[in-house]
Amino acid sequence: MHSYWGNYLTASSGYSNGADHPRGEYGIFVSNADGPGSINYSYASNMGDAAFYVGACPNCNAVLNHDHAQYSALAYSGTNSGGNLIIENSEFDHNKTGLVSNSQNNDDLPSPQIGLCPAGSSPAVHGAVGCTIFMNNYLHDNNNADVPGSGAGLAGAAPVGTGIVLAGTEYITLYNNRIERNGAWGILVADLPDQETPPPGANCQGGLYYDPNTQTCYYQAFGNYVWNNQFSNNGFFGNPTNGDIGLATTLHNPGNCFNANTDPEGLSTDPPSLQSPPYNPCGSANAGDMGVLAAEALCATQLLAPCPTLPGASYPRPDATFTLPAIPAQPGMANPCAGVPRNPWCP
């Protein structure tokens, strides 16, 4: 697919069988498209995978602007999606997990996710590390375990209580987002060991290694830039590593970079002092906490219940039954008939 465009779209579901099918899977979904594309002023909710999805595009050439996602396993999911891709001025709340970008050895090939600018293009924001930029968004209250698909598959196993997850991603810029009241982490940057059985054509491209015995393809997260984000009241689940920013990565050169992020109560990070060397200035080799934080992140995915070996592991688990919220009133187009040929709705 090539160009696409959608404004004022609404996608939701009124039924879910909990973690099992049937359920709504995706709200607004784009795959294998090279654009240009845009999805603006749109709403999606009650999905077992993602309210919004843009994937399988090394250069997506897409913009999501003024969108809103609620009550889903993931507010946004982007697998192997990079190049020119901007998500801005959007709100993601009351999901299990907010905005998620990842590499994966699956049918959304080719992997990995790479946010670097394609030849001949430059970042939309001066100082960004590449052209995949998530900026000026409001991510709050993503602590909802009672969503469709919770605990099922990679999407349903995203860490509950997290505003943004970068899993095995390369060169994404998170700029000037407001991230509040997420109980586990405001932002979690982590490596991703993908253990699924890959389809033909998926050969762990961009992964560290591929083990035919365990079907494991290990994607390192590196080169990501977490810059000038405003945090407040994150990490209230109270587990040892919970807070504004978590980094669970193995050593890589370059590593990940953190700069000018703030919290009125003091920025809380694991490892500590993430805005000091070797995490700032950018370009140095560094690694994250592959001990307690990595174990906590696994516990928050709900794949482990309970997590007895951790010093603290309190994360919400889904109830047996839950009710899907109705679609709230949405703003309409200012003049929906402008430029439309005459028809029964637009005489």
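Summary of the structure given here. Remember, predicted model here, so these are calculated numbers, not experimental data. (Residues numbered from 1 in each chain as written. Predicted model: local features only at pLDDT ≥ 70, side-chain atom pairs only at ≥ 80, totals over all residues. Heavy atoms only, no water.)

Here we come to the overall build of the protein. A tally of regular secondary structure across the protein gives 2 helices and 28 strands. Here the C-alpha atoms of the protein give a radius of gyration of 19 Å, agreeing with the 20 Å that 2.2 N^0.38 yields for 347 residues. Summarising its shape, the C-alpha atoms of the protein cover approximately 65 × 50 × 50 Å along the three principal directions. Evaluated residue by residue, the protein yields a buried proportion of 56% over its 347 residues. For the protein, long-range pairs separated by at least 24 residues make up 72% of all intrachain contacts whose partners lie at least 6 apart in sequence. Counting every atom, the protein has about 13,900 Å² of accessible surface; 55% of that belongs to carbon and sulfur. Counting 6 positive and 25 negative side-chain charges, the protein places the centres of these two groups 11 Å from one another. (Helix = DSSP H or I, 4+ residues; strand = E, 2+ residues; numbered from the N terminus. Rg over C-alpha atoms; globule rule 2.2 N^0.38 Å. Buried < 20%, exposed > 50% of the residue type's maximum accessible area, 1.4 Å probe, protein only. Contact = heavy atoms within 4.5 Å. Areas by Shrake-Rupley, 256 points an atom, 1.4 Å probe, with all protein chains shown as cover. Lys, Arg positive; Asp, Glu negative; His and termini not counted. Charge placed at Lys NZ, Arg CZ, Asp CG, Glu CD.)

Now for the sheet that holds strand 16 (residues 138–140). What the 7 strands build is an open sheet, ordered 2-7-10-13-16-19-25; its pairing is parallel. If you trace the sheet from one side to the other, it starts and ends with strand 2 (10–11) and strand 25 (230–232), each paired once. Both strand 19 (residues 178–180) and strand 25 contribute to a ladder of 3 bridges, which runs parallel. Paired with arginine 178 across the bridge in strand 25 is glutamine 230. (Pairing = 2+ DSSP bridges.)

Take the state of the cysteines next. Applying the stated criterion across every chain, the model contains 5 disulfides. Covalently, cysteine 204 is tied to cysteine 217 through a disulfide, its sulfur atoms 2.0 Å apart. As the torsion about the S-S bond is roughly 90 degrees, the cysteine 204-cysteine 217 disulfide counts as right-handed. Placement of the pair is cysteine 204 in the loop between strand 21 (192–194) and strand 22 (210–211) and cysteine 217 in strand 23 (residues 216–219), with a sequence separation of 13 residues. Judged on exposure class, the residue cysteine 204 and its partner cysteine 217 are both buried. (Disulfide = S-S within 2.5 Å.)

Below, the discussion takes up the pattern of salt bridges. For the coordinates displayed, the defined rule picks out 4 salt bridges. Across the pair arginine 23 and glutamate 25 runs a salt bridge, and its minimum N-O distance is 2.9 Å. Residue class for arginine 23 comes out buried when judged on its relative accessible area of 15%. Since its relative accessible area comes to 24%, glutamate 25 is described here as partly exposed. Residue glutamate 180 is joined to arginine 178 by a salt bridge in which the shortest nitrogen-to-oxygen separation is 3.5 Å. The buried category is assigned to glutamate 180, whose relative accessible area is 13%. (Salt bridge = Lys/Arg side-chain N within 4 Å of Asp/Glu carboxyl O.)

Within the secondary structure, threonine 249 is located in the loop between strand 26 (243–248) and strand 27 (257–259). Judged by relative accessible area, which is 1%, threonine 249 ranks as buried. Not counting residues up to four positions away in its chain, the partners in contact with threonine 249 are Val189, Ala190, Asp191, Ala221, Asn256, Ala287, Gly288, Asp289 and Met290.

With respect to burial, strand 17 (residues 162–167) is a largely interior element, 6 of its 6 residues being buried. In terms of strand pairing, strand 14 (residues 97–102) meets strand 17 through 5 bridges, oriented parallel. The partner of serine 101 across the bridge, within strand 17, is leucine 166.

Within the open sheet, the 8 strands sit side by side as 1-6-9-12-15-18-24-27. Their pairing is parallel. Every other strand in the sheet has two partners, leaving strand 1 (4–7) and strand 27 as the edge strands with one partner each. Within the sheet, the average angular offset between the axes of one strand and its neighbour, ignoring direction, is 10 degrees. (Axes fitted to C-alpha atoms, helices over the stretch in contact; angles between N-to-C directions.)

Attention shifts here to helix 2 (residues 292–300). In an α-helix, one turn spans 3.6 residues, which is why side chains three or four residues apart end up on the same side. Taken residue by residue, helix 2 has Leu293, Glu296, Ala297, Cys299 and Ala300 as its buried positions. Down the axis of helix 2, the sector holding all buried residues measures 160 degrees, keeping them to one side. Next to the buried residues of helix 2 lie strand 20 (185–190), strand 26 and strand 28 (269–270). (Arc of directions from axis to C-beta.)

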